[in-house]
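Listed here are the chains, written in short residue letters.
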4 protein chains.
Amino acid sequence: MNDLKKYTLKETPHYKVHGRTQPGVCPVPLFFNGSAVEVNVSGSELWIDIEVSYHVHEMWIGCEINGEFMSRQMLMPGTYSLCLFRGMSPEPVKNVRFTRELQAMTEDEDCCLLVHGFQTDGTFHPVPAKKYTLEFVGDSITSGEGTYGAKEDYDWIPMYMSYSRDYAKMTADALNADAYLISQGGWGVLTGWDNNPNSNIPSRYEQLCGLCQGKKNESLGAFTPYDFSSRKIDALIVNLGTNDASAFEQPAWHDPDTGKAYEQRKNPDGTYQEDDLNHFEEAVISFLKMLRKHNPQAHIIWCYGMLGYYLSAAINDAMHRYTAETGDHNLLFLQLPNTTGETVGSHEHPGEPSHRRAAQVLIEYLQDYFANRK
Amino acid sequence: MNDLKKYTLKETPHYKVHGRTQPGVCPVPLFFNGSAVEVNVSGSELWIDIEVSYHVHEMWIGCEINGEFMSRQMLMPGTYSLCLFRGMSPEPVKNVRFTRELQAMTEDEDCCLLVHGFQTDGTFHPVPAKKYTLEFVGDSITSGEGTYGAKEDYDWIPMYMSYSRDYAKMTADALNADAYLISQGGWGVLTGWDNNPNSNIPSRYEQLCGLCQGKKNESLGAFTPYDFSSRKIDALIVNLGTNDASAFEQPAWHDPDTGKAYEQRKNPDGTYQEDDLNHFEEAVISFLKMLRKHNPQAHIIWCYGMLGYYLSAAINDAMHRYTAETGDHNLLFLQLPNTTGETVGSHEHPGEPSHRRAAQVLIEYLQDYFANRK
Amino acid sequence: MNDLKKYTLKETPHYKVHGRTQPGVCPVPLFFNGSAVEVNVSGSELWIDIEVSYHVHEMWIGCEINGEFMSRQMLMPGTYSLCLFRGMSPEPVKNVRFTRELQAMTEDEDCCLLVHGFQTDGTFHPVPAKKYTLEFVGDSITSGEGTYGAKEDYDWIPMYMSYSRDYAKMTADALNADAYLISQGGWGVLTGWDNNPNSNIPSRYEQLCGLCQGKKNESLGAFTPYDFSSRKIDALIVNLGTNDASAFEQPAWHDPDTGKAYEQRKNPDGTYQEDDLNHFEEAVISFLKMLRKHNPQAHIIWCYGMLGYYLSAAINDAMHRYTAETGDHNLLFLQLPNTTGETVGSHEHPGEPSHRRAAQVLIEYLQDYFANRK
Amino acid sequence: MNDLKKYTLKETPHYKVHGRTQPGVCPVPLFFNGSAVEVNVSGSELWIDIEVSYHVHEMWIGCEINGEFMSRQMLMPGTYSLCLFRGMSPEPVKNVRFTRELQAMTEDEDCCLLVHGFQTDGTFHPVPAKKYTLEFVGDSITSGEGTYGAKEDYDWIPMYMSYSRDYAKMTADALNADAYLISQGGWGVLTGWDNNPNSNIPSRYEQLCGLCQGKKNESLGAFTPYDFSSRKIDALIVNLGTNDASAFEQPAWHDPDTGKAYEQRKNPDGTYQEDDLNHFEEAVISFLKMLRKHNPQAHIIWCYGMLGYYLSAAINDAMHRYTAETGDHNLLFLQLPNTTGETVGSHEHPGEPSHRRAAQVLIEYLQDYFANRK
């Protein structure tokens, strides 16, 4: 190692945090997949000082240098330093982005990744904001589940999730945009895939990161109300409904505490029961109001279809009712191409080719939208 | 020319007519783009005997041999023979399809293409039906406008329309399906692109071919009620709404006879006026009922998006209202990827790459649908 | 038809002839595939006056408007007019190229296509030369055999040959170059595919068009020495050797007049006999000298491989010997990707995808060469 | 960590080593990029015990699970364990391949990667040999230099080299083949890129791994004669000549010990000096003899072109002379498509798209060769 100077984040003159965060916090927790610390730095060598913990599900991160994928790896628990580059020509300024690959983990209360600072023989330079700001709200699709791994792999493990091959990253890169992600595999708008009514994204949307647990995360401020005024979203992409559709195919979920059963039901002819569908639609409407409240200027795009078109009509109807009720027309329903046997990845989830196709539809729509926006 | 034997269609032992037609009629009129006569024939040489007429817009046809594109050409008026192949090994049976490239022309009352028969030194063999039967109902997109011609070409002429590069053909080929087309550039569900209420497809859907004019076409039976029992559609693809969206951007249309003005209006904030939107939705609902009446078993897919997503919400709402009213769930709204600067063709219409992308979404959906259909 | 004015070529103020020709001749014969007449013309309508004859193999042509493929069709014998466009906006100048699809036919002495003139209501405008000038010298590959037709089609007929899907066209278009073609299916450098020593391209290279027969073609000047000073070739692409390799696999060819046998032989171990290989190499060397004599400035690229790499070593050795003998280094051997089961077309020849891959290699090489040329 | 059992390689019932190695050695050194240890193992968790050292250039490795890329990371020096997977369903057998990404490093005598063993709660299963065995002999191209990193990155560092995006891997995967690699950036057949005559691959080919230095590597057997009888190569791909061409563009190299100058020279007209070219050709001939001696049955393919076609003629001539001298025809010269501005990677070397195009040519050739091999 050369003569490296150690910087806590507080001491780091310039750095940028991606994803929901509290400004100026040190160390900075990276809560979601896509959450990242980015620097522009000269020097021959750069290390990042991190703290990793988890009980069940191990942490994965990726690193890009000058916008290109360089590494992806599993992280062991502990507080230690990782070398991000070494042996480079000292003068040029390198752009380095250290990114969490793993979604927030509601099922592992210890799961957490903190960035404490850097070590380098170079100097830090400003990291400008991108032209646009996007937020992606979703489920396992947005968590990139299936973007790594073989088609025959069926485990539900961190290794198969990512930001590096996620449609959200592809979209943000193509549009020169910063991206915020908030997503959780198996969750929906009204219920999770198994009819569990607690697994609904809206109930957590207003917290900094409601999709984790435990004292450690609490102490990091995860459950505090998120300060939406800290960023201004240009386009808000919701990709939810897939698990709400699954719920109709599953048996009832029984609350272990109350014994109460929850179930979305189908009619004998295979169609969805009207009142259950209505509960779903009301959840959509209610969530749209919440999204609008916190993102008054955002163009809301409700995406759907990467794992089937089942609830297209219901989502549309809910959006229509929302518009009728509120007069808000600044939103669009956008179908994304369904995943096929050729584009599927591991765990029966969309693979990278499916994410690429979906991103293409979204990119083209947003390019057009931004070009025509007054 | 070798010793060729002349066959009227009546005398032709085996042939297949594509597109709406009256069984056994001779000569057979090819009314729509995609309408075709197909034969399996041995021999070294094949000619087709045709009759062509038009006043303004010339006829175009294409010819495929053994499923491969071989020729595309403009046809002059008259009654004459065209050589489709010659100099081939006599023994093998060749599949030959002679296809109209040009949509039915409402604006040219003389426009007509008749097939009288064939001349060959070979023998005819049965032409089996394909596995599935599709119907495509649409506007200029389904008429393939823009699939030929340079991006800087802005004329509205037959040369730029086609079946050979149409998403309908791509879809039918990929699914091993027979395809019926009925489409007209500039027309919509409620009105045409210019608010003309006569330019609505539903008003013509029940005729054999309501999208043409004149005594000649009348004598060919074009305006008689179509016998829907003559074919059983597996999937009915509607691709309409694009011109209904245009109408909102255009000034009122005045009926030259009555002086009455027709106009779809926008609010000052750029949104669509509610009652006008409702008229559109009612037209969609009413058309869905008509389609269902004549195609009780067909899976109806309403496609939309190749030239903008403007009326997505309204189409969806209309479909939802239709389902609520009728209990009919056998239909789906499916967005097709919008056309971009890279995929656009002539006359600002979708080019071949756009048709290919749209077809891919449709193909994958239908493959899935057919695989899961009971 | 509108009020069209008739122009013989002599009277046509501006037009451009593609392919080998005699300047100013009227009517102009189009001898090779790729030979064409091109005009820039305003007006609503354009007809071309042509004369077609053949005994066995029918003529095929293609037409491009504003650089886009518009039609491809078989032509019957006779003297008549073809409409190339009609109904267009009169003001804009349209670029129209009428191109022979069929190679020169050594086996059909009557085969001939003449352009007499045009009819239009517009006016003619100059057609500038392209930035570069290329010549392609080849066999069936350069004649585009296999670029049309189904994989199961094995006839040797004009319908399956083309310029419109030929690597020569793709290369010329991408480089903004004019292209001269001279090619003949089955021919080689030393012999044809069947050991026939008369089927060698060098023996015909110096004639205007030595690859046809008969009095008619003679009267059109086909057999007169070609005036190489009439064009200056930037890059000369030779794509020969494929049939010379076939000859080694075929039985001897017996001259019907002298009874003499000609044969390229293999050793028992499957390698080529040294002296026969040497005859081939000497033919290559000799041909290179001829090409250089007539094209002193041309960069010569000997392409090979689209139907197997068999004679790669021999061609290279011959080129090496040529350079050693002459000191001429202005040439390169360039392998083109072999045709596979996925890229093959009809008659076991390279299909369009194979031509596209080959063109890509050539395009990239020439872009690089032209960029670095002093 | 679960109850994991620790296995030295000697104790590991089944494992497979990729790349040149001594059978049964424990720990096993991975000398080249592409060198790897592969296991089929059940269990929920797998760790690998490794030893890493280097002075200047850090080690990089990649890990594939069930044939899919999972991680790529920089390794710090030391003896430690890396977790390759955890949390998986215990029953299924997972295929895991731990692969060195970094070429053998002649410039860093301490650079070394050893695999000591594994830790797992599963059991090991046999790893079968692949259908074919390939050897790739090359320079920086085969070392994958440029396959990672941005186009503007010009450092010569391990991070930008790989096996994971190398044409050798792509070729081996597509053909279901095991691959041996031996390559060194900057080296040639006769000299290195800078005229240094020591930087020639043939001088090191016969050692187990002659492309490293130092006592540690010596103790690992790197400099012992390689036992070529330990594997039978089906096809041997040589991709050399690129640095020999560079040498002609560089000033003389002066031996620091003797002061002697070495230089490949060009003539004033830009062509290569004949005697220098002959030295290169003799080096090629001599190397071919060495390759044949050790791989009597191997089909030798000399590839060239990914960074320019400069020495095509000389390589061909040398191959021709080799065949004339030895009677050995079991070899082929194969050009690979040159790298373009679109396919270039970091450090002006072929990027992944260039490797993919090159691999495609090689794959298709070898598929054809293997299909026709007696």
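Conventions used here
Residues numbered from 1 in each chain as written. Chains lettered and ligands numbered in written order. Predicted model: local features only at pLDDT ≥ 70, side-chain atom pairs only at ≥ 80, totals over all residues. Heavy atoms only, no water. Helix = DSSP H or I, 4+ residues; strand = E, 2+ residues; numbered from the N terminus. Buried < 20%, exposed > 50% of the residue type's maximum accessible area, 1.4 Å probe, protein only. Least-squares fit on C-alpha atoms with pLDDT ≥ 70 in both. Contact = heavy atoms within 4.5 Å. Buried area = accessible area lost by both parts, 1.4 Å probe. Salt bridge = Lys/Arg side-chain N within 4 Å of Asp/Glu carboxyl O. Polar contact = N/O pair within 3.5 Å; in protein donor to acceptor, adjacent residues only side chain to side chain. Nonpolar A, V, L, I, M, F, W, Y, C, P; charged D, E, K, R; others polar. Pairing = 2+ DSSP bridges. Axes fitted to C-alpha atoms, helices over the stretch in contact; angles between N-to-C directions.

A. View of the environment of G308 of chain A. Tracing the sequence through the fold places G308 of chain A in the loop between β17 (299–304) and α6 (312–326). Given the relative accessible area of 3%, G308 of chain A is considered buried.

B. Quick look at the relation of the copies chain D and chain A. Superposing chain D onto chain A takes a rotation of 180 degrees plus a shift of 0.0 Å along the axis, which leaves an RMSD of 0.0 Å. Given the turn and translation reported, the copies of this chain are related as if by a two-fold rotation axis. Residue R72 of chain D of chain D places its C-alpha closer to the rotation axis than any other residue of that unit, at 2.7 Å. When the interface residues of chain D are mapped onto chain A, 100% of them again fall at the interface, so both copies present the same face.

C. Representation of the interface of chain D and chain C in the model. Counting residues at the interface gives 22 residues for chain D, matched by 22 residues for chain C. Both faces considered, chain D and chain C share a buried interface measuring about 1,800 Å² in area, 55% of it formed by carbon and sulfur atoms. Counting the contacts that link chain D with chain C gives two salt bridges. Here R357 of chain D makes a salt bridge to E364 of chain C, at a shortest N to O gap of 2.5 Å. Linking chain D with chain C are eight residue pairs in polar contact (both at pLDDT 80 or more), by the criterion used here. By residue number, the principal contributor to the side of chain D that touches chain C is helix α7 (residues 352–372) of chain D, which donates six residues. Looking at the side of chain D that touches chain C residue by residue, the classes come out as eight nonpolar, nine polar and five charged.

D. Inspection of the sheet that holds strand β13 (residues 177–183) of chain D at higher detail. Residue and element names in this part refer to chain D. Pairing in this open sheet of five strands is parallel, and the strands run β13-β12-β14-β17-β18 from one edge to the other. The outermost strands of the open sheet, each flanked by one partner alone, are β13 and β18 (331–335). Adjacent strand axes in the sheet meet at a mean angle of 20 degrees, parallel and antiparallel pairs treated alike. With five bridges joining them, strand β12 (residues 132–138) and strand β14 (residues 235–239) adopt parallel strand pairing.

E. Structural view of the relation of the copies chain D and chain C. At an RMSD of 0.0 Å, chain D and chain C line up after a rotation of 180 degrees and a shift of 0.0 Å along the axis. Taken as a fraction of all interface residues of chain D, those also at the interface in chain C reach 100%, which identifies the copy contact as same-surface.

F. Molecular detail of helix α1 (residues 167–175) of chain C. Residues and elements named next belong to chain C. Among the nine residues of α1, seven are classified as buried, and the element is accordingly described as predominantly covered. When α1 is considered as a whole, its buried residues turn out to be Y167, A168, K169, M170, T171, A172 and L175. Of the surrounding elements, those touching the buried residues of α1 are β6 (59–65), β12 (132–138), β13 (177–183), β14 (235–239) and α7 (352–372). The N-cap residue of α1 is D166: its side-chain oxygen and the backbone nitrogen of A168 are 2.8 Å apart. Looking at the residues trailing α1, positive phi occurs at N176, about 55 degrees.

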